[in-house]
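What the coordinates show
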Amino acid sequence: MPDKTSGYRDERCLQGHTGWDMGKVSPPLQAYFDQLCAIDPARRPDYIEQAHRLLKPGGKIAGLLFDRELRRSVVPRSSSFVPFASLGNPGGPPFGGHRDEYERLFTRYFNLRTLAPCYNSIPPRAGTELFFIAEKPQAPAGSNNENYPAPI
């Protein structure tokens, strides 16, 4: 039986042996998932620049984005479902956003492969989410990938 210490999963991943499916994001991977809606809109350019630094050329970042402003409403305590946008924090998070904002943010550092309405959102979010895939471009010959494009 293999030694399944903390390095076991890392080693399996490095070897390309990732055939398990836990049915959810594993705790080690969860630490790497971020939610852009949780980041103050004024700090989003920093997040996207950092994502660019972390990815190798050709690397991708993907996910769902709100395509609306989030209004806070009061949900009756008897309700078993509390919509994300109704958590009662008027200053956010979560924060909303719009397609044109995301295009401006991502195209500074990434090629947008997909930015389209999400067709399989849960019913309370139907028509209010965008699915995106952004790819870090290959750097031009002779440039330094870490600083491509140069920060403004």
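One structure accompanies this document, and this report is about it.

What counts, and at which threshold
Residues numbered from 1 in each chain as written. Predicted model: local features only at pLDDT ≥ 70, side-chain atom pairs only at ≥ 80, totals over all residues. Heavy atoms only, no water. Core = buried A, V, L, I, M, F, W, Y, C linked by side-chain atoms within 4.5 Å. Buried < 20%, exposed > 50% of the residue type's maximum accessible area, 1.4 Å probe, protein only. Helix = DSSP H or I, 4+ residues; strand = E, 2+ residues; numbered from the N terminus. Arc of directions from axis to C-beta. Pairing = 2+ DSSP bridges. Contact = heavy atoms within 4.5 Å.

1. Re the nonpolar core
- Formed by 18 residues in total, the largest nonpolar core has its most connected members in Ile61, Leu65, Tyr102, Phe106, Phe110 and Phe132.
- For this core, the elements supplying multiple residues, two or more each, are helix H3 (44-54), strand E1 (60-66), helix H4 (99-107) and strand E3 (129-135).

2. Points about H3
- Within the span of H3, buried status applies to Arg44, Ile48, Glu49, Ala51 and His52. Along the long axis of H3, the arc covered by the buried residues comes to 155°, so they all point the same way.

3. Regarding the pairing of E3
- Judged by how many residues are buried, E3 sits mostly within the fold: 5 of 7 residues are covered.
- Bridge count between E1 and E3: 7 bridges; the pairing is antiparallel. Among the inter-strand pairings, Leu65 is bridged to a residue of E3, identified as Leu130.
- Here strand E2 (residues 111-117) runs beside E3; their pairing, made up of 6 bridges, is antiparallel. Within E3, the residue paired with Pro117 across the bridge is Leu130.

4. A look at H4
- Burial in H4 covers these residues: Glu101, Tyr102, Leu105 and Phe106. In an axial view of H4, the angular spread of the buried residues amounts to 115°, which keeps them on one side of the axis.
- Structurally, H4 contributes buried residues whose contacts are with H3, E1, E2 and E3.

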